[in-house]
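A closer look at the structure
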Amino acid sequence: MRKDKAAKYKITDTDIDKKFIGKQVTVEKVKSKGGPSVGGRKHQKQRKAPAWFVEFEKRNNQWLDKIENNVSSLRSDLNRVIKLNNLKH
């Protein structure tokens, strides 16, 4: 790492050893250790979902929306029956 990337700090508190308080230290930014790079790239390219999965997810969402609408309709019907018959919840 280049020397100009280092910074000096003064220690004000430590849990390790109290004799370090007041001392000046030089710190450097350390690169994180990641997994092996793929194809010389730093980050692995996110893959697209296959077309069949996209279609499945779309149909699944439509199916869930239909169920939610049916449940909502049943709730409103039940509330109407309760109100018409002066029933308590």
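Reading the values: rules and limits
- Residues numbered from 1 in each chain as written.
- Predicted model: local features only at pLDDT ≥ 70, side-chain atom pairs only at ≥ 80, totals over all residues.
- Heavy atoms only, no water.
- Helix = DSSP H or I, 4+ residues; strand = E, 2+ residues; numbered from the N terminus.
- Buried < 20%, exposed > 50% of the residue type's maximum accessible area, 1.4 Å probe, protein only.
- Contact = heavy atoms within 4.5 Å.
- Phe/Tyr/Trp six-rings, centres within 6.5 Å; stacked < 30°, edge-to-face > 60°.
- Patch = residues over 30% accessible without salt bridge, like charges linked within 9 Å, V, L, I, M, F, W, Y side chains within 5 Å.
- Areas by Shrake-Rupley, 256 points an atom, 1.4 Å probe, with all protein chains shown as cover.
- Salt bridge = Lys/Arg side-chain N within 4 Å of Asp/Glu carboxyl O.
- Expected span 1.5 Å × (residues − 1).

Notes on the overall build of the protein
Summing up its helical and strand segments, the protein has one helix and two strands in all. Mapped in sequence order, the helices and strands of the protein form the string β-β-α. The proportion of buried residues among the 89 residues of the protein is 2%. Taking as baseline every contact in the protein between residues at least 6 positions apart, the subset at least 24 positions apart corresponds to 6%.

Quick notes on the packing of aromatic side chains
Counted according to the given criterion, the structure contains one aromatic pair. Relative to F53, the ring of W52 lies with its centre 5.9 Å away and its plane at 90°, an arrangement referred to as edge-to-face. Residue F53 is classed as partly exposed on the basis of its relative accessible area of 35%.

Details of a nonpolar patch on the surface
On the surface, W63, L64, I67 and V71 cluster together into a nonpolar patch covering about 350 Å² of accessible area. Here V71 lies in helix 1 (residues 51-84). The class for V71 is partly exposed, based on a relative accessible area of 36%.

Concerning helix 1
Over its 34 residues, helix 1 runs 50 Å from end to end, which matches the ideal 50 Å to within 8%, given 1.5 Å per residue. Of the residues flanking the end of helix 1, it is N86, one or two places downstream, whose phi is positive at about 50°.

Some words on the pattern of salt bridges
What the rule picks out here adds up to two salt bridges. For E55, the salt bridge is made with R59, and the minimal N-O distance between the two is 3.1 Å. Here the residue E55 and the residue R59 both occupy positions in helix 1, the gap between them amounting to four residues, near one helical turn. For E55, a relative accessible area of 33% corresponds to the partly exposed category.

Considering the environment of K8
Relative to the helices and strands, K8 is located in strand 1 (residues 7-10). Not counting residues up to four positions away in its chain, the partners in contact with K8 are Q24, V25 and T26.

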